[in-house]
Amino acid sequence: MMAELLKGAAVAAAMTAELAARSAALAELGVTPTLAILRVGERADDLAYERAAARRCERAGVAVQTLALPEDCSAGQLLAAIEAVNADAGIDGCLLLRPLPDRTAEAAACAALRPEKDVDGMTAASQSFVYSGAGVGFAPCTAEAVVALLEGSGVDLSGLRATVVGRSPVIGRPVAMLLLQKNATVTVCHTRTKDLAARCREAELLVVAAGREGLIGAESLAPGQIVVDVGIHAGPDGALRGDVRFDEAEGIVKAITPVPGGVGAVTTAVLARHVIEAAERNAK
Ligand code: NAP
């Protein structure tokens, strides 16, 4: 039997309908939730994500202002852009498209953003929020999208034996924390993990965010599993593939996210939800 496909579009559409109602309520108070997208350079995948985010925001009733800096901008120019966002009462949330060529400038920019506007979870305050479940800030959108996709597809996470492959601060770690908050029992794997395939096979829920195309295949999978593939890789033919070998997985597991059309579709809906939440807090 072929695996059920956990498609992001349906979950994102349901979230967007709810968000449009919330922004309509804000509009009655004279408030337009507003996102600033800060981009350095013209990288194709940044531009693609920017377009997808802008489309989703429009449907959810969120206004978008794009601030584009030149590829060779200085750390000072980037900081000045963040300070301008911080000072602008009309901007509720800021998305800085990452990674930046200059990692030192990126770290300084992340640290400078006001946590109240940190809708993609890049400040220390947001990390503390994800870790403790309390305080200001937001989880990184992709990490939260994993949980939103699962819950929106009717998966009960409580008590589930979950394995997360990847421990990056943007995806693996926050996914593990969010699953823990939902009472899953979580194992986190990385490049030093011994017998990765066994750790994957024993999971009821397998979330793969390793950034290695096709890392996970039949040897790491078991019948009955739910698999979320966060990886995105563009092949020379332009086709997108994930960290999981889909053709091997679909004949083994119970359910799997397609790439594209899985987590990525929900990520922009989570982003819009964060901006609306920030605007609702500001309106109080
Ligand atoms: P990253 O910073 O490169 O982190 C990769 C993690 O995977 C690291 O913790 C690494 O372990 C672990 N890893 C790498 N190779 C491994 C192996 N052979 N065995 C076990 N663990 C391994 O990547 P990221 O930023 O988290 O992104 C992960 C993927 O998500 C990428 O493909 C990216 O394109 C995709 N992505 C998707 C979306 C979306 O919306 N769907 C958004 C952003 C990114 P160590 O810590 O030991 O090095």
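Just so we're clear, the structure is a prediction, and the values are computed from it rather than from any experiment.

So, how was this worked out
Residues numbered from 1 in each chain as written. Predicted model: local features only at pLDDT ≥ 70, side-chain atom pairs only at ≥ 80, totals over all residues. Heavy atoms only, no water. Axes fitted to C-alpha atoms, helices over the stretch in contact; angles between N-to-C directions. Helix = DSSP H or I, 4+ residues; strand = E, 2+ residues; numbered from the N terminus. Parallel < 35°, antiparallel > 145°, perpendicular 65-115°, else oblique. Left-handed = near helix turned anticlockwise from the far one by under 90°. Contact = heavy atoms within 4.5 Å. Nonpolar A, V, L, I, M, F, W, Y, C, P; charged D, E, K, R; others polar. Buried < 20%, exposed > 50% of the residue type's maximum accessible area, 1.4 Å probe, protein only. Pairing = 2+ DSSP bridges. Right-handed = clockwise from strand over helix to strand, strands pointing away. Near = heavy atom within 4 Å. Polar contact = N/O pair within 3.5 Å; in protein donor to acceptor, adjacent residues only side chain to side chain. Domains from an automatic or database assignment. Expected span 1.5 Å × (residues − 1). Arc of directions from axis to C-beta. Lys, Arg positive; Asp, Glu negative; His and termini not counted. Salt bridge = Lys/Arg side-chain N within 4 Å of Asp/Glu carboxyl O.

Whenever I open this one, the packing of helix α1 (residues 8-28) against helix α10 (residues 263-283) confuses me. Can you help?
Angle between the axes and distance between the axes: these two values describe a pair of packed helices. At a minimum axis distance of 9 Å, the contact between α1 and α10 shows a crossing angle of 20 degrees. For the element pair α1 / α10, the angle class is roughly parallel. For the element pair α1 and α10, the recorded crossing hand is left-handed. Residues Gly-8, Ala-9, Val-11, Ala-12, Met-15, Thr-16, Leu-19, Arg-22, Ser-23 and Leu-26 of α1 form the contact with α10, whose participating residues are Ala-265, Val-266, Ala-269, Val-270, Ala-272, Arg-273, Ile-276, Glu-277, Ala-279, Glu-280 and Ala-283. Split into classes, the residues belonging to the contact of α1 with α10 amount to 14 nonpolar, 3 polar and 4 charged.

I tried to follow the pairing of strand β5 (residues 161-165) on my own but got confused; where do I start?
Two faces make up the sheet, and in a regular strand the side chains alternate between them. Counting buried positions over the 5 residues of β5 gives 4, a clear majority of the element. Across 5 bridges, β5 lies against strand β6 (residues 185-189) in parallel orientation. Counterpart to Thr-163 in the pairing with β6 is Thr-187. Regarding the hand of the β-α-β motif, the stretch spanning β5, helix α7 (residues 172-181) and β6 is right-handed. As judged from the 4 bridges shared by β5 and strand β7 (residues 205-208), these two strands associate in the parallel manner. Each bridged residue has a counterpart across the sheet, and for Ala-162 the counterpart in β7 is Leu-205.

Explanation requested: the site of the ligand in the structure shown.
Among the 20 residues in the neighbourhood of the ligand, the closest are listed as Arg-167, Ser-168, His-190, Thr-191 and Val-230. One of the side-chain nitrogen or oxygen atoms of Thr-191 is found 2.4 Å away from an oxygen atom of the ligand. At 3.4 Å from an oxygen atom of the ligand is found a main-chain nitrogen or oxygen belonging to Ile-232. Looking at the shell around the ligand, its residues break down into 8 nonpolar, 10 polar and 2 charged.

Just to check I follow, could you spell out the domain arrangement of the chain for this structure?
One frequently used descriptor of interface size is the decrease in accessible area upon assembly of the parts. With domains assigned, the chain is organised as domain 1 (30-116) and domain 2 (141-264). The gap between the C-alpha centroids of domain 1 and domain 2 is 28 Å.

What is the right way to look at α1 in this model?
The α-helix winds at 3.6 residues per turn, so residues separated by three or four positions along the chain end up facing the same way. The first and last C-alpha atoms of α1 sit 30 Å apart over 21 residues, in line with the 30 Å expected at 1.5 Å per residue. Those residues of α1 that sit buried are Gly-8, Val-11, Ala-12, Met-15, Thr-16, Leu-19, Ser-23 and Leu-26. Within α1, the buried residues cover an arc of 125 degrees as seen down the axis, which keeps them to one side. Set apart from the buried face of α1 by more than 90 degrees, the exposed residues are Ala-10, Ala-14, Ala-17 and Glu-28. In the core, the buried residues of α1 are packed alongside α2 (44-60), α6 (141-152) and α10. Once α1 finishes, Gly-30 follows within two positions and takes phi at roughly 80 degrees, a positive value.

Any chance you could explain the side chain of Lys-117 here in plain terms?
For Lys-117, the position within the fold is in the loop between α4 (103-112) and α5 (124-132). Buried charged residue Lys-117 carries no salt bridge. Nearest counter-charge: Asp-88, at 6.0 Å. In this structure, Lys-117 is in contact with Val-85, Asn-86, Asp-88, Ile-91, Asp-92, Gly-93 and Cys-94, ignoring residues within four places of it in sequence.

I keep staring at the pattern of salt bridges and nothing clicks. Help me out?
As enumerated under the stated definition, the model contains 16 salt bridges in all. The partner of Arg-98 in a salt bridge is Asp-120, with the nearest N and O atoms 3.6 Å apart. Here Arg-98, found in the loop between β4 (93-96) and α4, pairs with Asp-120, found in the loop between α4 and α5; they are 22 residues apart in sequence, far enough to count as distant. On the accessibility criterion, Arg-98 (23% relative accessible area) is partly exposed. The buried category is assigned to Asp-120, whose relative accessible area is 13%. Measuring nitrogen to oxygen at the nearest pair gives 2.8 Å for the salt bridge that ties Glu-219 to Arg-245. A residue pair is termed long-range when its members are at least 10 positions apart, and Glu-219 in the loop between β7 and β8 (226-229) and Arg-245 in the loop between β10 (240-241) and α9 (246-249) qualify at 26 residues. Salt bridges sharing common partners tie together Glu-18, Arg-22, Glu-277 and Glu-280.

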